[in-house]
Amino acid sequence: SSAITKSTKIVLNLESLGSLPADEAGPLARYASTIQAQRHDYNGKVLSIRTEDLKSLAIIYDMSPDELTTRLIEWGVLSPGADGSIYADED
Ligand code: C2E
Ligand code: C2E
């Protein structure tokens, strides 16, 4: 079964995202920028996205949602929460 459920809170750390190499993180960075533009929300250090968006991103990256989640944690864009949900790293 997947670790990604409807109640999973996906909060991207935009500062970490901005410091990643573009060849790997480019599609995610463009996706996040598009959401910021649609919301007119440019000032945050973090960006909450829809669970559905993680599924779309997994298709873009040709991974399962769980594999992509693991990759995002490796990149420092997501941090695993104590209760199994996912939070941005505040540090
Ligand atoms: P929309 O999907 O028609 O949503 C219209 C408005 O409903 C949003 O305006 C927002 O105020 C509210 N809304 C919808 N879903 C949620 C939610 O899960 N949480 C909260 N807090 N509010 C919600 P907003 O933010 O100005 O976004 C405008 C449009 O930009 C949205 O129209 C949607 O088409 C797109 N968008 C914004 N954020 C996302 C996102 O994270 N993922 C995707 N796929 N599209 C997004
Ligand atoms: P979700 O769809 O997985 O969205 C997770 C979080 O992404 C939302 O948490 C919100 O912080 C952000 N988000 C998603 N879409 C938008 C958007 O269009 N605009 C903005 N400004 N932020 C967005 P939140 O608000 O606590 O909502 C939790 C869950 O409640 C959402 O999970 C969704 O399942 C549901 N929800 C909230 N508002 C709406 C809505 O207007 N329409 C629908 N269909 N579901 C909503």
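Residues numbered from 1 in each chain as written. Chains lettered and ligands numbered in written order. Predicted model: local features only at pLDDT ≥ 70, side-chain atom pairs only at ≥ 80, totals over all residues. Heavy atoms only, no water.

### Side note on the pattern of salt bridges
Any two side chains of opposite charge can pair, on the condition that their charged atoms come close. Applying the stated rule across the entire model yields 3 salt bridges. The closest approach of N and O atoms between Lys55 and Glu52, which form a salt bridge, is 3.6 Å. With a gap of 3 residues between them, Lys55 and Glu52 both fall in helix α3 (residues 51–60), about one helical turn apart. Overall, the relative accessible area of 48% leaves Glu52 in the partly exposed class. A salt bridge links Glu74 to Arg71; the nearest nitrogen and oxygen atoms lie 3.8 Å apart. Separated by 3 residues within a single helix, Glu74 and Arg71 lie in helix α4 (residues 65–75), roughly one turn from each other. With relative accessibility at 59%, the residue Glu74 sits in the exposed group. (Salt bridge = Lys/Arg side-chain N within 4 Å of Asp/Glu carboxyl O. Helix = DSSP H or I, 4+ residues; strand = E, 2+ residues; numbered from the N terminus. Buried < 20%, exposed > 50% of the residue type's maximum accessible area, 1.4 Å probe, protein only.)

### Some words on helix α2 (residues 22–39)
In the structure, α2 departs most strongly from a straight axis at Leu28, where the bend amounts to approximately 30°. All buried positions along α2 are accounted for by Ala25, Gly26, Leu28, Ala32, Ile35 and Gln36. For α2, the elements touching its buried residues are β1 (10–13), α1 (14–18), β2 (46–49), α3 and α4. His40 sits one or two residues past α2 and shows a positive phi near 55°. (Bend = angle between axes of the 7 residues up to and from the residue. Contact = heavy atoms within 4.5 Å.)

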